[in-house]
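Residue-level listing of the chains:
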Amino acid sequence: MGEVEEVARANAAKTGGSFTKTNDMKEAFRDADIVYPKSWASYAAMEKRTQLYGDGDFEGIKALEQELLKENATHKDWECTEEMMSLTKGGKALYLHCLPADITDVSCKEGEVAASVFDRYRVPLYKQASFKPYIIAAMIFLAKVKDPAKALEELEKRGIERKAF
């Protein structure tokens, strides 16, 4: 996603940080303040998946899922382990993940994160994941509303109290 990379580069430059793209997980972890290892599928695969769902091609989705599982099997070494975390700045980088995560020996035999790493960061992980529904709702809202500020102002003008359950 080139446009996302450009935003990351610009933000890094603006704040005195850095942006590096690598296919070497150890290099990515080295001296990192925060790590966000996510291992499911490429952006292109997710675009294909979205198209298949849009077309109602459920056999195509099943075939793609099998293809992606085979691809993931070639990256079993891409696990966020204690050894990988020791490469981070002072061995104390923040581990984040949008969840759900495949946790080794908890949710699966060979996952993307070691149980000890996941457990140590459980509170910030759950806090981060709790934002996900709001982010999705905001994305849907922004995709459907041409003038979001105006729409929100109109909702506020209605003066309808929100329900508290």
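Going by the structure above, here's the rest.
Residues numbered from 1 in each chain as written. Predicted model: local features only at pLDDT ≥ 70, side-chain atom pairs only at ≥ 80, totals over all residues. Heavy atoms only, no water.

Digging into the pattern of salt bridges
Quick reminder of the rule: By definition, a salt bridge exists where a carboxyl oxygen of Asp or Glu is found within 4 Å of a side-chain nitrogen of Lys or Arg.
In the structure shown here, the tally under the stated rule is nine salt bridges. Each of the salt bridges in this network shares a partner with another, and the network as a whole consists of Glu5, Glu6, Arg9 and Lys21.

Here's the deal with the nonpolar core
To keep it simple, the criterion reads: Among buried residues, those of type Ala, Val, Leu, Ile, Met, Phe, Trp, Tyr and Cys that are joined through side-chain atoms within 4.5 Å constitute a nonpolar core. Accessibility here uses a 1.4 Å probe with only protein chains present; expressed as a share of the type maximum, an area under 20% marks a residue as buried, one over 50% as exposed, and anything in between as partly exposed. Numbering of helices and strands runs from the N terminus; a helix is a DSSP stretch of H or I covering at least four residues, while a strand is a stretch of E covering at least two.
Judged by nonpolar contacts, the single largest core of 19 residues is most densely connected at Met85, Tyr95, Val113, Val117 and Phe118. Contributions of two or more residues to this core are made by α2 (25-29), α5 (82-86), α6 (115-120) and α7 (122-130). Grouped together as the second largest cluster of nonpolar side chains are five residues, Ala45, Leu52, Ile61 and Leu68 included.

Focus: the packing of α7 against helix α8 (residues 132-144)
Our working definition: Axis geometry follows a simple rule: fit a line to the C-alpha atoms, using only the stretch in contact for helices, then measure angles between N-to-C directions, giving values from 0 to 180 degrees. Here the angle decides the label: under 35 degrees means roughly parallel, over 145 means roughly antiparallel, 65 to 115 means roughly perpendicular, and every other value means oblique. In what follows, residue pairs with any heavy atoms lying within 4.5 Å of each other are defined as contacts. Residues are sorted three ways: Asp, Glu, Lys and Arg are charged, Ala, Val, Leu, Ile, Met, Phe, Trp, Tyr, Cys and Pro are nonpolar, and all the rest, Gly among them, are polar.
Taken N-terminus to C-terminus, the directions of α7 and α8 make an angle of 25°; their axes are 5 Å apart at the nearest point. As the angle between them shows, α7 and α8 are arranged roughly parallel. Contact with α7, carried on its side by Gln128, Ala129 and Ser130, involves Lys132, Pro133 and Tyr134 of α8 and no other residues of that element. Residue classes in the contact of α7 with α8 are distributed as three nonpolar, two polar and one charged.

Some words on the side chain of Thr104
Inspection of the secondary structure assignment puts Thr104 in the loop between β2 (94-95) and α6. Ignoring sequence-local partners within four residues, the contact set of Thr104 consists of Glu79, Lys109, Glu110, Gly111, Glu112, Val113, Ala114 and Ala115.

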